[in-house]
Number of protein chains: 2
Amino acid sequence: MVRETDDLELKRRPEAEEDLEDLALGEDYALNPGYVPMVADALDRGDAERLRELLGALHPADIADLMGFLSAGDREELVPHLDAETLGEVLSELDTEIREEILEHVPSALLAQALGEMESDDAADVVDDLEADKRAQVLAAMPETERAAIETTLAYEDETAGRLMQREVVAAPQFWTVGQTIDHLRANSDELPELFFDVYVVDPSYRPVGAAPVSHLLRTKRDTPLAQIMEQVTEIPVDMDQEEVAYIFNKYRLISAPVVEPGGRLVGQITVDDIVGVIQEETEEDILALAGVGDAGRDAGVVGIIRSRLPWLVINLATEAIAATVVGAFQDEIAKLTALAVLMPIVSSLGGNAGTQALTVAVRAIASRELNSSNAMRVIWRELAVGVFNGATMGGLLGIAAYMIWHDIRLSIVVGLAVLANFFVAALGGILAPIALERLGRDPAVSSSVVVTFMCDFFGFLALLGLGALILL
Amino acid sequence: MVRETDDLELKRRPEAEEDLEDLALGEDYALNPGYVPMVADALDRGDAERLRELLGALHPADIADLMGFLSAGDREELVPHLDAETLGEVLSELDTEIREEILEHVPSALLAQALGEMESDDAADVVDDLEADKRAQVLAAMPETERAAIETTLAYEDETAGRLMQREVVAAPQFWTVGQTIDHLRANSDELPELFFDVYVVDPSYRPVGAAPVSHLLRTKRDTPLAQIMEQVTEIPVDMDQEEVAYIFNKYRLISAPVVEPGGRLVGQITVDDIVGVIQEETEEDILALAGVGDAGRDAGVVGIIRSRLPWLVINLATEAIAATVVGAFQDEIAKLTALAVLMPIVSSLGGNAGTQALTVAVRAIASRELNSSNAMRVIWRELAVGVFNGATMGGLLGIAAYMIWHDIRLSIVVGLAVLANFFVAALGGILAPIALERLGRDPAVSSSVVVTFMCDFFGFLALLGLGALILL
């Protein structure tokens, strides 16, 4: 990290471009926090020359990062200092919220130009974020073919293979040789995708029958037929959900895969670099859902954040209120034996934690398809065994602690049994709630914690206070 | 999903291989749960012919999946039915726990053969899992060059670029043309990595100065110098942590990157398919850590699971016990006004949830490097604003609910203020705990929830009972 005194010093003296690059990124390739105020300062002073230098030292992905650290006002001022190509690359790297905000301020002509520099899938993502008026303007300003490509991509549903794929593919008929293929590529160099990893071998109906990795084309003699070096392909249906696509890429370690229409015709390809983003996105969603946070990007304002969190808190209030009715029903007992009030939150908190542990593991196992009907019974038994063991252990510990304070063996037995019972309920809820939610077609990450937290609080209170009323009073 | 009746029917009649492939995988390419008992059944009957058919219909990655669904006994019996090449591929796909268990039962000679079929990084991973005796036996049974490659890889620290990289790279001197490079590749086809995406252009000291994507080699005229088509490379130091490597790949959308020694010499390459696994692994660790679960694979036995969860429960008991001392100090007040006991768990649970929301978002922002010193103050203020707003809203709601039950405006004010205060503490803890832990060099995902849960319970009880004692009694 750059210390503040360094910053000031650095701003005063002119640097070579090389120096700026060293300053921009830390050793871990993350943007240096000290670089952000340097850019903000140049923006304040309206120093276009300095900005050109500062931005020139950054990769578009780092400019996108920088945007995230700048205030909204600074971001808006920064955009006119980017050329169309860089703007296009930055836009495809930006978080949705920041992108939407920036898109409002980019002139339609510049945007049309920037979109032309992007791959069709990335460009379509950006166009999808535009408001209707602006979208029409921007599309009108684009060349016919590029507009058509974007419109075709947008016709597929969001978060499907169709939206993820790029339409640019390299295909060759089965009967070609390696030499013919390479000659064809050299002759049509202009029409090829910027990067590609496989040449798809297609039959006369343009259905993929195999793929020749480019590294195999390079190492093979020119007269070898493609059919001889091609490998099996995993076809991705164009309407497949992106989460499934990511699962397939991860499982088979794919680098690229052909996307096909219902008839089997090749319409595009998905490459692994798109998948890395999808995996990040999907696990991120799960992490936040488990914590009861809706999707609000990093630059969501206070209102956006409140909107993403308040609904879950309201649900939590409702379920806690129901659990508290149990406490309400035992008020007389609590007044007589206030030790119950002291132990109550410990019992429910321990159970809640045990439930969260079980449900998190189950949610992840379902997401990575390691839990299905063929091993569900085994996993359920295992969770119950763990619940009983951990419950007995923690119940024992809390019982001993309670004895040291209140010297009442019956109270210790009550609290120990209550913990054990609550752990059993936690284990049962923690494993069954996600499985049941998944069977019902709901996302287990989103609703499981509500169910399990409620169960653990309700039964925790009931076990402790109920047993206490029965045995102690 | 295949229903049970179908299974029985299917077991009785012989199928063509094609049929089995359809049966094996669902439309989402996940292993069909119904396929698992078919394999288990063939194992029970010792039907080697049937097993050959059943396994033949599966990709090695699916066999690895299948292993996860089989019982430990069945897995052990399955191994001898795999040939060395398939075994190698299956081993590199397996979860660590299952792999360790299986490795105990594979004869050293077969294992040496299987390792020979794998890439050096995958093979090294497997050898690393072996116990000392077996490791020596297996390495002794391997050819000299392969053994040396594995030993060199193992000399790098776990979870670094050195362990992740494959030592097989394609490099060419700067002054070569595209044609010379392709001729060289064709002539040395046997020594090349199975798949590669870039030819690294190196200087006379074997330091990478650029990379020529293979798709560019294919489309470019033979007499073009490499120096003219090569692109900038992002060098990965051999000792870089794998989490940083994943960050760089994700940020710059890399497909492959050269790995260099401290002097800058090219020693290997990392490809994006290895990175997909790392990203999964690292986010998985964070999800589990946030839920207070240590690392235990999906096939950990009951003991392994208990070991991964009990430590956090014990810590939770300790912190809850401290928070409960607050309740203990107010026992007289609770005896007089048992409504406090009813409201107490609601106040602490709401605060705990608000804290979990804030800390999860902060932990993720730190992990994806979207939160650093340049925007920390802005993010902290935003969290506090959200905390105060949500606290006031939820406090208001709970106050109204309390009034409808107890008809005591002072009680409603007390509980409302307690919620507001607890949300403020939750917001403060939720954002500051992860930031502080990160500054101290600790993993914020692991310890933040302990801190925040404790704070919210402690202050929640203190605010409600303290205000209650002051205002109501």
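About the cut-offs
- The numbers attached to residues start from 1 for each chain and follow its sequence in the written order.
- All chains are assigned letters beginning at A, and all ligands numbers beginning at 1, according to the order in which they are written.
- Totals for whole chains, interfaces and linings use all residues, but because this is a predicted model, local features are given only for residues with pLDDT of at least 70 and pairs of side-chain atoms are given and counted only at 80 or more.
- Only DSSP runs of H or I with at least four residues qualify as helices, and only runs of E with at least two residues qualify as strands; both kinds are numbered from the N terminus onward.
- We compute the radius of gyration over the C-alpha atoms and compare it with the globule rule, which gives 2.2 Å times the number of residues raised to the power 0.38.
- Put simply, a residue is buried when 20 or more other C-beta atoms lie within 10 Å of its own C-beta and exposed when 12 or fewer do; between those, it is partly exposed, and each C-beta is set from the backbone.
- A pair of residues counts as a contact when their C-beta atoms, built from backbone coordinates, are separated by no more than 7 Å.
- Strand pairing is assigned whenever DSSP detects at least two bridges linking the two strands.
- The copies were overlaid by least squares, fitting only the C-alpha atoms of residues that reach a pLDDT of 70 or more in each copy.
- Buried Ala, Val, Leu, Ile, Met, Phe, Trp, Tyr and Cys residues form a nonpolar core when they are connected through C-beta atoms within 7 Å.
- Axis geometry follows a simple rule: fit a line to the C-alpha atoms, using only the stretch in contact for helices, then measure angles between N-to-C directions, giving values from 0 to 180 degrees.
- Here the word oblique covers every angle except those under 35 degrees (roughly parallel), over 145 (roughly antiparallel) and from 65 to 115 (roughly perpendicular).
- Residue polarity is assigned by list, with Asp, Glu, Lys and Arg as charged and Ala, Val, Leu, Ile, Met, Phe, Trp, Tyr, Cys and Pro as nonpolar; anything else, Gly included, falls into the polar class.
- Left-handed describes a crossing whose near helix is turned anticlockwise from the far helix through less than a right angle; right-handed describes the clockwise counterpart.
- Note: pLDDT gives the predictor's confidence per residue, expressed from 0 to 100.

A. Region of the structure containing the overall build of chain A. A tally of helices and strands in chain A yields 24 helices and six strands. In terms of overall size, chain A is more extended than a compact globule, its C-alpha atoms giving a radius of gyration of 30 Å where 473 residues would be expected to give roughly 23 Å. On the principal axes, the C-alpha backbone points of chain A span a range of 90 × 65 × 45 Å. Taken across its 473 residues, chain A has 49% of its residues classed as buried. Taking as baseline every contact in chain A between residues at least 6 positions apart, the subset at least 24 positions apart corresponds to 70%.

B. View of the sheet that holds strand β5 (residues 256–260) of chain A. All names here are of chain A. Strands sit in the order β4-β5-β6 across an open sheet of three strands; the sheet is mixed. Only two strands of the sheet have a single partner each, and these edge strands are β4 (236–237) and β6 (266–271). With five bridges connecting them, β5 and β6 associate as antiparallel partners. Paired with proline 258 across the bridge in β6 is glutamine 269.

C. Up close: the relation of the copies chain A and chain B. Note on the copies: chain A fits chain B at an RMSD of 0.1 Å, the axial shift is 0.0 Å, and the rotation between them is 180 degrees. These values place the two chain copies in the arrangement generated by a two-fold rotation axis. Of the C-alpha atoms belonging to chain A, the one lying closest to the rotation axis is found on alanine 335 of chain A, 2.1 Å away. Both copies present the same face, since 100% of the interface residues in chain A are matched by interface residues at the equivalent positions in chain B.

D. Structural context of the nonpolar core. The biggest cluster of nonpolar side chains holds 136 residues, and the ones touching the most others in it are Leu343, Val415 and Leu464 of chain A together with Leu343, Val415 and Leu464 of chain B. Those residues in contact with leucine 343 of chain A that sit more than four places away from it in its chain are Ala402, Val415 and Leu464 of chain A. The next biggest cluster of nonpolar side chains, apart from the first, holds 84 residues, and it includes Leu266 of chain A together with Ile182, Ala257 and Leu266 of chain B.

E. Structural detail: the packing of helix α10 (residues 120–129) of chain A against helix α12 (residues 144–155) of chain A. Residue and element names in this part refer to chain A. Look at α10 against α12: their axes get within 9 Å of each other, and the N-to-C directions meet at 75 degrees. The orientation of α10 with respect to α12, classified from their angle, is roughly perpendicular. Residues Ser120, Asp121, Ala123, Ala124, Val127 and Asp128 of α10 pack against Ala149, Ile150, Thr153 and Leu154 of α12. Among the residues forming the contact of α10 with α12, the class breakdown is six nonpolar, two polar and two charged.

F. The sheet that holds strand β6 (residues 266–271) of chain B, seen in detail. All names here are of chain B. With mixed pairing, the three strands of this open sheet are ordered in space as β4-β5-β6. Each of the sheet's edge strands pairs with one partner strand only, and the pair in question is β4 (236–237) and β6. Along the sheet, helix α18 (residues 272–290) makes contact with β5 (256–260) and β6, crossing β6 at roughly 65 degrees.

G. The arrangement of the packing of helix α21 (residues 339–367) of chain B against helix α22 (residues 376–406) of chain B in detail. All names here are of chain B. At a closest axis distance of 11 Å, the pairing of α21 and α22 adopts a crossing angle of 160 degrees. One element, α21, and the other, α22, form an angle in the roughly antiparallel class. Here α21 and α22 pass one another in a crossing that is right-handed. Residues Ala339, Leu343, Ile346, Leu350, Ala354 and Ala358 of α21 lie in contact with α22, whose contacting residues are Glu383, Gly387, Asn390, Met394, Leu398, Ala402 and Trp406. Class assignment for the residues of the contact of α21 with α22 results in ten nonpolar, two polar and one charged.

H. Spatial organisation of the interface of chain A and chain B. Between chain A and chain B, the contact holds 100 residues from the first and 102 residues from the second. Sort the elements by how many residues they give to the side of chain A that touches chain B and helix α21 (residues 339–367) of chain A lands first, with 16 residues. Of the residues belonging to the side of chain A that touches chain B, the class tally is 58 nonpolar, 24 polar and 18 charged.

I. Representation of the confidence of the model for chain A. Residue and element names in this part refer to chain A. On average, residues of chain A score 89 in pLDDT, and 95% of them reach the 70 mark or higher. Of the regions scoring below 50 in pLDDT, residues 1–15 engages in 15 contacts with residues more than four places distant in sequence or in other chains. The complex model carries a pTM of 0.85, and its ipTM stands at 0.84.

J. Structural context of helix α17 (residues 242–252) of chain B. Most of α17 of chain B is tucked away: eight of the eleven residues are buried. Burial in α17 of chain B covers these residues: Gln242, Val245, Ala246, Tyr247, Ile248, Phe249, Asn250 and Lys251 of chain B. Elements in contact with the buried residues of α17 of chain B: α5 (60–69) and α18 (272–290) of chain A together with α13 (161–164), β4, β6 and α18 of chain B.

K. The arrangement of α10 of chain A in detail. Within α10 of chain A, seven of the ten residues are buried, which leaves the element mostly enclosed by the surrounding structure. Those residues of α10 of chain A lying buried are Ser120, Asp121, Ala123, Ala124, Asp125, Val126 and Val127 of chain A.

L. Here's a closer look at the pairing of strand β2 (residues 198–202) of chain A. All names here are of chain A. A large share of β2 lies buried, amounting to four of its five residues. Where strand β1 (residues 171–173) and β2 come together, three bridges link them in parallel fashion. Paired with alanine 171 across the strands is tyrosine 200, a residue of β2. Looking at chain direction, β2 and strand β3 (residues 208–213) are connected through five bridges and run antiparallel. Across the sheet, residue aspartate 198 finds its bridge partner in β3, namely proline 213. The turn joining β2 and β3, which pair antiparallel and follow one another in sequence, is formed by five residues; a positive phi near 65 degrees is taken by tyrosine 206.

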